[in-house]
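Each chain, written out:
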Amino acid sequence: NIGNGFNHVKPKFQLFLDALTLNFKGDLRLGRIFSNINYTWKSFDKSQKIDVFSQQNKLNFSQNDSDSFRIFFNTLKKSNIFEPENLFLMMAINRFRTGLTRTSLEDRIIDFITSLESLYASGSGDITRKLSQRGSMLLSKNEESREDVYNFIKSAYNFRSGLVHGEGQREVTINGERFTLRKICDVLEDLNRKSIRIYLKLVKHYSGKNKNKKIIDDID
């Protein structure tokens, strides 16, 4: 049965793809295989056509990367992201994955911000403040870095609000530097990747329901 086979293989192959994109930066394209994992197979496609995708930055994987990939793949596999208590993390990975496949930079930014919301926006209060404070606390190594991350996430969320509310592209300027659309997208991708990797480690130290709230309470 083609449908049953697809349902059996898809989550395993998706885990492989997620391990690649969460471990390495760059656009991932695998022709028909990549298309099939994102869109239901049309039975057996016997055509000889080769799909060609436009790529800004290709994901390059070498033999030297195999060890780090194998370690991270096992971490992802053992993280139980499909369990109900980890739904927030699975949602973040899903939206990060969707963002990576977007051809529009604006759509990428919207997906990346939504991914960060899945991780950091739990609880009541202003979403901008929650994303900025919690994200900067978890992603920064010192006070200077914390301020930079705080200001960027705050500005990026404001930029995203302008897009989804039909107000167009709002200016993002931090410390006198004006961020281009590409740079906003690239920095958000990097912060997403780092956030998800940190959460994959954190979820192993918490148990039971409301796991995200427990993590957020500790960050706060």
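A brief report on the enclosed structure follows.

What counts and what doesn't
- Residues numbered from 1 in each chain as written.
- Predicted model: local features only at pLDDT ≥ 70, side-chain atom pairs only at ≥ 80, totals over all residues.
- Heavy atoms only, no water.
- Helix = DSSP H or I, 4+ residues; strand = E, 2+ residues; numbered from the N terminus.
- Buried < 20%, exposed > 50% of the residue type's maximum accessible area, 1.4 Å probe, protein only.
- Contact = heavy atoms within 4.5 Å.
- Expected span 1.5 Å × (residues − 1).
- Polar contact = N/O pair within 3.5 Å; in protein donor to acceptor, adjacent residues only side chain to side chain.
- Phe/Tyr/Trp six-rings, centres within 6.5 Å; stacked < 30°, edge-to-face > 60°.
- Patch = residues over 30% accessible without salt bridge, like charges linked within 9 Å, V, L, I, M, F, W, Y side chains within 5 Å.
- Areas by Shrake-Rupley, 256 points an atom, 1.4 Å probe, with all protein chains shown as cover.
- Salt bridge = Lys/Arg side-chain N within 4 Å of Asp/Glu carboxyl O.
- Lys, Arg positive; Asp, Glu negative; His and termini not counted.
- Charge placed at Lys NZ, Arg CZ, Asp CG, Glu CD.
- Core = buried A, V, L, I, M, F, W, Y, C linked by side-chain atoms within 4.5 Å.
- Axes fitted to C-alpha atoms, helices over the stretch in contact; angles between N-to-C directions.
- Parallel < 35°, antiparallel > 145°, perpendicular 65-115°, else oblique.
- Left-handed = near helix turned anticlockwise from the far one by under 90°.

1. Examining the overall build of the chain
Then, in step 1: The number of helices and strands found in the chain is nine helices and two strands.
Then, in step 2: Going from N to C terminus, the chain has its helices and strands arranged as α-α-α-α-α-α-α-β-β-α-α.
Then, in step 3: Within the span of the chain, comprising 220 residues, buried residues form 42% of the whole.
Then, in step 4: Excluding contacts between residues fewer than 6 apart, the proportion of contacts in the chain whose partners are at least 24 apart in sequence is 62%.

2. Concerning helix α8 (residues 181-202)
Then, in step 1: With 22 residues, α8 should cover 32 Å at 1.5 Å per step; its first-to-last C-alpha distance of 31 Å lies within 8% of that length.
Then, in step 2: Those residues of α8 that sit buried are L181, I184, C185, L188, E189, L191, N192, R193, S195, I196, Y199 and L200.

3. Brief notes about the side chain of R134
Then, in step 1: Mapped onto the secondary structure, R134 falls in helix α6 (residues 127-139).
Then, in step 2: Among the polar contacts listed, one links the side chain of R134 to the backbone oxygen of S122, at a separation of 2.7 Å.
Then, in step 3: Once residues within four sequence positions are removed from consideration, R134 is found in contact with Y120, A121, S122, R129, I216, I219 and D220.

4. What to know about the packing of aromatic side chains
Then, in step 1: Taken as a whole, this structure holds seven aromatic pairs when the rule is applied.
Then, in step 2: Centroid distance F13 to F16: 6.0 Å. Interplanar angle 20 degrees. Geometry classified as stacked. Remark: F16 and F13 occur in helix α1 (residues 2-23); sequence separation between them is three residues, near one turn of the helix.
Then, in step 3: Overall, F16 belongs to the partly exposed group, its relative accessible area being 32%.
Then, in step 4: Here the aromatic residues F13, F16, F69 and F73 are joined through ring pairs into a cluster of three or more.

5. Some remarks on the environment of G135
Then, in step 1: Following the sequence through the fold, G135 ends up in helix α6.
Then, in step 2: Between the C-alpha atom of G135 and that of I219, which follows or precedes it by 84 residues, the distance is 9.2 Å.
Then, in step 3: Sequence-distant contacts of G135, defined by excluding residues within four places in its chain, comprise Y120, K130, V149 and I153.

6. Describing a positive patch on the surface
Then, in step 1: There is a patch of like positive charges on the surface, built from K12, K77, K78, K201 and K204.
Then, in step 2: By secondary structure assignment, the location of K12 is in helix α1.
Then, in step 3: The exposed category is assigned to K12, whose relative accessible area is 54%.

7. With respect to the nonpolar core
Then, in step 1: Ranked by internal contacts, the top residues of the largest apolar core, which has 49 residues, are L89, F152, L188, I196 and Y199.
Then, in step 2: Per-element accounting of this core gives the leading share, eight residues, to α8.
Then, in step 3: If sequence neighbours within four positions are ignored, I196 has contacts with L22, L89, A92, I93, F96, S115 and L119.

8. With respect to helix α7 (residues 143-164)
Then, in step 1: With 22 residues, α7 should cover 32 Å at 1.5 Å per step; its first-to-last C-alpha distance of 32 Å lies within 8% of that length.
Then, in step 2: Looking only at α7, the buried set comprises V149, F152, I153, S155, A156, Y157, F159, R160, S161, G162 and L163.
Then, in step 3: Capping of α7 at its N-terminal end is provided by N142; its side-chain oxygen lies 3.3 Å from the backbone amide nitrogen of E144.
Then, in step 4: Backbone geometry just after α7 places G166 at a positive phi near 75 degrees.

9. So, the packing of α7 against α8
Helix-helix packing is characterised by the crossing angle of the two axes and by the distance between the axes.
Then, in step 1: In the contact formed by α7 and α8, the axes pass within 11 Å of each other and the chain directions differ by 120 degrees. Between α7 and α8, the crossing angle belongs to the class labelled oblique. Regarding α7 and α8, the two cross each other, and that crossing is left-handed. In this structure, α7 contributes F152, I153, A156 and F159 to the contact, and α8 contributes L181, I184, V187, L188 and L191.

10. A few points about the pattern of salt bridges
Then, in step 1: Here the structure, examined in full by the defined rule, presents 14 salt bridges.
Then, in step 2: A salt bridge links K25 to E189; the nearest nitrogen and oxygen atoms lie 3.6 Å apart. One end of the pair, K25, is in the loop between α1 and α2 (31-38); the other, E189, is in helix α8, with 164 residues separating them in the sequence.
Then, in step 3: Note that D111 and R95 form a salt bridge whose closest N and O atoms lie 2.4 Å from each other. Of this pair, D111 sits in helix α5 (residues 105-120) while R95 is found in helix α4 (residues 87-101), placing the two residues 16 residues apart along the sequence.
Then, in step 4: Salt bridges here are not isolated pairs; linked through shared partners, they connect K25, E189 and R193.

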